[in-house]
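# Coordinate inspection notes
Each chain is listed here by its residues.
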There are 2 protein chains.
Amino acid sequence: MPQPEPAPRGRGRRPTGEVRADVLHAAGAMVLSEGIAQLTFERVSKASGVSKTTLYKMWPSPGVLALDAYFHAVADTLAFDDDGDIRSDLLRQLHSFARLMRTPGGRALLEFIGASQSDPALARSFRELYSGGRRALAYERLAKAQSRGEIRPDVDVRVLVDQLWGAIYHRLLVPDEPVTDEFVEALVTNLFTGIST
Amino acid sequence: MPQPEPAPRGRGRRPTGEVRADVLHAAGAMVLSEGIAQLTFERVSKASGVSKTTLYKMWPSPGVLALDAYFHAVADTLAFDDDGDIRSDLLRQLHSFARLMRTPGGRALLEFIGASQSDPALARSFRELYSGGRRALAYERLAKAQSRGEIRPDVDVRVLVDQLWGAIYHRLLVPDEPVTDEFVEALVTNLFTGIST
């Protein structure tokens, strides 16, 4: 993992945004490779060169830092390309997402959702730091497709998020059936083509 | 809560199926009114008139008994009517399900799914006692609709479960958006009509 550059004018003078980015970079690499359970302020401090005191000031708990770092680390992977065809863009994004969910980071995400069922503060952090932003990205891309006439104007695109990513989460959270490539493709086909005869 | 009938020939002689039904009835009423957290063998024993020793023999833990009781208690609510029209049958079932999920029993179900993310034994029990059976009921009704020509023959009906109930679970587990009646209706319309222009 690359170490942050030494601060040119002493750590105390470094801009907050820069310190924050260093921490998120170091913590993100940890979450993606190991999951969330072993992430402590101690270890993030060592990896990022940022003091534990500063970490405590910037994040209320290691769990919240882990979520924040996770979101930043996967932002690119989960970005929506806009190649002008919503079906192929969705397929590419959903396949990326399904792959990501098979990594330790993805497993960690499911444990976050799990723990947040009995921890309202964690649930709030999860929505603020992760799921709210993810939904917004999806809405934006889907609304653009709708404005281009690829999706019927009377469709509430917010519902599609639950019928695509939500359906994948469902198979991961209650794994009665596996998340296969065919499953991901069927999600998109069913919605766009419709299942009626 | 109705007490079980006294055993006519002494408790030792009662058929296992009958004892089991009494316990499930008493425990099911508790789960639906209070959720799962407070359910103990002690309280179920008092409410059902079945000894704790017997409960320990029949269920490995109060959590597993709670799940088993929950499934039996809601089996009717969640049954699929077959009125010959899959869209209206689905809507009726999905609305029932959404309503059930707003009760303490529904909240308990989300906590089960949550806890099972870090407890493989509970996850297995959940699938064996609850979600596997629920999926089977849905497959059966959907396959019948497919055989009647209401759903295209190339559709894998297993995927529909994730795009209908799974989508509702997603909004409940990560509540960025509410589960409204309009949401439930949109789930069915999107799938059957298709969202393409």
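Note that the structure is a prediction, hence the values are computed from the model and not measured.

Reading the values: the criteria
- Residues numbered from 1 in each chain as written.
- Chains lettered and ligands numbered in written order.
- Predicted model: local features only at pLDDT ≥ 70, side-chain atom pairs only at ≥ 80, totals over all residues.
- Heavy atoms only, no water.
- UniProt positions renumbered as here; feature names shortened; annotations may be inferred.
- Helix = DSSP H or I, 4+ residues; strand = E, 2+ residues; numbered from the N terminus.
- Contact = heavy atoms within 4.5 Å.
- Buried area = accessible area lost by both parts, 1.4 Å probe.
- Salt bridge = Lys/Arg side-chain N within 4 Å of Asp/Glu carboxyl O.
- Polar contact = N/O pair within 3.5 Å; in protein donor to acceptor, adjacent residues only side chain to side chain.
- Domains from an automatic or database assignment.

### Re the UniProt feature "DNA-binding region" (unreviewed entry) in chain A
Mapped onto this numbering, the UniProt entry gives "DNA-binding region" (unreviewed entry) at residues 40-59 of chain A. Each end of residues 40-59 of chain A is marked by a C-alpha atom, and these two atoms are 12 Å apart; helix forms 75% of the span and strand 0%.

### So, the interface of chain A and chain B
Accessible area lost upon the coming together of the parts serves often as the stated size of an interface. Every contact between the two is made by 45 residues of chain A and, on the other side, 45 residues of chain B. Taken together, both faces of the contact between chain A and chain B bury some 4200 Å²; the carbon and sulfur share is 54%. Inspection of the region where chain A meets chain B yields 6 salt bridges. Residue B:Asp162 is joined to A:Arg171 by a salt bridge in which the shortest nitrogen-to-oxygen separation is 2.7 Å. Summed over the shared surface of chain A and chain B, the number is 29 residue pairs in polar contact (both at pLDDT 80 or more). Where the side of chain A that touches chain B is concerned, the elements lending two or more residues are α6 (104-115), α7 (120-147), α8 (157-173) and α9 (181-193) of chain A. No other element matches α8(A), which puts 12 residues into the side of chain A that touches chain B.

### Brief notes about the domain arrangement of chain A
All names here are of chain A. Domains assigned within chain A are domain 1 (11-71) and domain 2 (75-193). Using only C-alpha atoms to locate each centre, domain 1 and domain 2 end up separated by 26 Å. Across the boundary between the two partners, domain 1 contributes 13 residues, which contact 15 residues of domain 2. Roughly 1200 Å² of surface becomes buried between domain 1 and domain 2 when both sides are summed, with 77% attributable to carbon and sulfur atoms. Of all residues in domain 1, the largest losses of buried area upon contact with domain 2 belong to Leu-67, Tyr-70 and Phe-71, amounting jointly to 59% of the total for that side. In this structure, the connection of domain 1 to domain 2 is made through 0 salt bridges. Remark: the boundary between domain 1 and domain 2 carries 0 residue pairs in polar contact (both at pLDDT 80 or more). Residue assignment for the side of domain 1 that touches domain 2 shows that the elements contributing at least two residues are α1 (16-34) and α4 (62-74).

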